[in-house]
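Understanding the architecture of this molecule
Chain by chain, the residues run as shown.
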Amino acid sequence: MSLLVVGLSHRSAPVSVLERAALGADAQVKLVQDTVAAEPATEAAVLATCNRIELYADVDKFHAGVAELSTLLAQHSGVGLDELTPYLYVHYEDRAVHHLFSVACGLDSMVVGEGQILGQIKDSLARAQELHSAGRLMNDLFQQGLRVGKRAHSETGIDRAGQSLVTFGLEQLAAGGDVETWARGKKALVIGAGSMSSLAAATLARAGVAEIVVANRTLDRAERLAQILNEGDDTHVTARAVPMDAVPGELTRADVAVSCTGATGLVLTADAVAAAVEGRTGEPVTEIDIPATAKQTPAAAPGSGLGTDENCPLDLAAEQSGFSVMGEAAVAGMAAAELEQHAAWVDNGTVDRRDAARRTPEAEAELIGALAAAAARVGRIPERRRPEPVAGFDRPAPALFLLDLAMPRDIDAAVHRLAGVRLVDIESLAEASADAPMAADVDQVRRIVSDEVAAFGAAQRAAHITPTVVALRTMAADVVAGEIARLDGRLPDLDERQRGEIRQAVHRVVDKLLHAPTVRVKQLAAEPGGAGYADALRTLFDLDPETVAAVSRAVDSTDKKDRPA
């Protein structure tokens, strides 16, 4: 197994970069096709969601694979390689398996524990199967990832640690209040009719909104979703469909709007939202003048112990609180030499460990080292600070609530500044979820992931030796057949019963001689570092490599026939 994943997500890149790098359905297909056409890769799959883009591949060379996959991501995303590189992460072999399993369990989601990612992984596998880019490794990996994710949700309380982006977004709109109380009787506009929009519509219906209007570029899809909502047994909502050109008028009537489309441009501009609020209230909409104090995060508290180490390259007293002084935000903009000095300072353990619960010193040092390497390639680390806060001070009660779940965004971020509007988007969701409490069940899920990674690796290593074992037994059977044929020529007077007894005796001897070694070699091959046992077996018994390869191709062909389309 030479599994490689190269990607970026909300954990490694700001929303502005994720927006520009977002891949449409056609771009995802082309990326997969170009990846398997490239020399280092034999299999490939793309996992693209609203907050991550990851390219998985089975490669024969690590460094060439990283270079090729990074270049392909840059080409198809439209973001230059030099600009994209600092935000990319790379995982290889067991760490790549660990990453996908963690993603499948919701541990790497913006809202920890959300289950929607399982559907997105399933879609990713189905796309790779349709494109014939998923061989044994991709099929085994993604199918096992789905099973691990389902196990995590069924055996632990990870669902309590988080929920879907839709639910979390509605909670943010309700400003911490009860969502059902907030939603009861409201009129909702849902823009888009895809999976996320359908989930938003269903969630709003269950929360108790009185009316849902679905707008979509393809009216038939909007009508189907509206029909499903009207026929729901567990809700009492009135739903109807409208074309996209009816959105401005419907926005004037709506109390809450959720948008999640695949549009590359803005669906709702700040002017359009302001016009809708003005039409609703009859009052002109003004922009909020954010106080200077709201634009700044208070400095670290006196006496915290920060800024006392003369070897630290940072002015710790001037650092913003809420960031680890060992983390990436603290070193944004540093040159490579300063980063290396900072990494050494972190590794010496001379920092106040108030954030130790979130990151270990070893993990921090590894992160800073990686950033130093990135800075060496592209000069400097781009600025990656928290978005400018637009809450935390008095503002008028909202007349319109907006939830933007699209990537790239559907609603102009300038709407944040409009009085009488509350906008929750991917960026503000990331900000809110960063401070969400982690459930104790997360540790249990991490243990499940670790166990499943070990089991997956053992199974892959064991499968690797199977063709060699089959080739060995085939060779032994051929030897037995040849010797029996030679005996028939030398002893023609033997009757059929005698010949049968001789054949059975020879087969039993060969089977008993091969049984213990083949069972043991499978056990040894399943252990870490066991890949060399297949080579040893081929060398000891002088097995023809082409025979082993033919067996492997036959096994792969059988596996593909048994897999769902």
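Figured I'd write up the structure that's included with this text. The model shown is predicted, which means the values in this text are computed figures rather than measured ones. (Residues numbered from 1 in each chain as written. Predicted model: local features only at pLDDT ≥ 70, side-chain atom pairs only at ≥ 80, totals over all residues. Heavy atoms only, no water.)

This part covers the sheet that holds strand β7 (residues 238-243). Spatial ordering of the open sheet is given by β7-β6-β5-β8-β9-β10, a layout of 6 strands whose pairing is parallel. Edge positions in the sheet fall to β7 and β10 (421-424), since each of these pairs with one other strand and no more. Direction aside, the axes of adjacent strands within the sheet are offset by 15 degrees on average. Along the sheet, helix α12 (residues 219-230) contacts β6 (211-216) and β7; its crossing angle with β7, the most-contacted strand, is approximately 175 degrees. (Pairing = 2+ DSSP bridges. Helix = DSSP H or I, 4+ residues; strand = E, 2+ residues; numbered from the N terminus. Axes fitted to C-alpha atoms, helices over the stretch in contact; angles between N-to-C directions. Contact = heavy atoms within 4.5 Å.)

A few words now on the pairing of strand β9 (residues 400-404). Burial analysis of β9 places 5 of its 5 residues in the buried class, the great majority of the element. Across the two faces of β9 the burial is the same, with Leu400, Leu402 and Asp404 and Phe401 and Leu403 all buried. Here 4 bridges tie strand β8 (residues 256-259) to β9, and the two strands are oriented parallel to one another. Bridge pairing links Val258 to Leu403 in β9. Where β9 meets β10, 4 bridges bridge the pair, whose relative direction is parallel. Bridged to Leu403 within β10 is Val424. (Buried < 20%, exposed > 50% of the residue type's maximum accessible area, 1.4 Å probe, protein only.)

Two numbers describe a pair of packed helices, the interaxial angle and the distance between the axes. The contact between helix α5 (residues 94-104) and helix α7 (residues 136-155) brings their axes to 8 Å, and the two run at 45 degrees. Taken together, the axes of α5 and α7 lie oblique to each other. The two elements α5 and α7 meet at a crossing, and its hand is right-handed. Touching Val97, Leu100, Phe101 and Ala104 of α5 are Leu141, Phe142, Gln144, Gly145, Val148 and Gly149, all from α7. (Parallel < 35°, antiparallel > 145°, perpendicular 65-115°, else oblique. Left-handed = near helix turned anticlockwise from the far one by under 90°.)

Moving on, we get to the packing of aromatic side chains. Two aromatic rings are characterised by how far apart their centres lie and by the angle between their planes. Overall, the coordinates contain 4 aromatic pairs when judged by the stated rule. Centroid distance Phe101 to Phe456: 5.9 Å. Interplanar angle 85 degrees. Geometry classified as edge-to-face. In this pair, Phe101 sits in helix α5 while Phe456 sits in helix α18 (residues 441-490), placing the two residues 355 residues apart along the sequence. Of the two residues examined, Phe101 and Phe456, each falls in the buried class. (Phe/Tyr/Trp six-rings, centres within 6.5 Å; stacked < 30°, edge-to-face > 60°.)

Bringing helix α14 (residues 270-281) into the picture now. For α14, which comprises 12 residues, the first-to-last C-alpha distance of 16 Å matches the rise-based estimate of 16 Å (1.5 Å per residue) to within 8%. If you check which residues of α14 are buried, you get Ala270, Val273, Ala274, Ala276 and Val277. The buried residues of α14 all sit within an arc of 160 degrees when viewed along its axis, so they share a single face. Turned more than 90 degrees off the buried face of α14, the exposed positions are Asp271 and Gly279. (Expected span 1.5 Å × (residues − 1). Arc of directions from axis to C-beta.)

Summed over the entire model, instances satisfying the criterion amount to 5 cavities of 30 Å³ or more. Volume-wise, the largest cavity comes out at about 100 Å³. For the lining of the largest cavity, the leading source of residues is helix α6 (residues 116-130), giving 3 residues. (1 Å grid on protein atoms, 1.4 Å probe; cavity = no way out; pocket = protein on both sides within 12 Å on 5 of 7 lines; lining within 4 Å. Points joined across faces, edges and corners; volume = space filled by probe spheres on them.)

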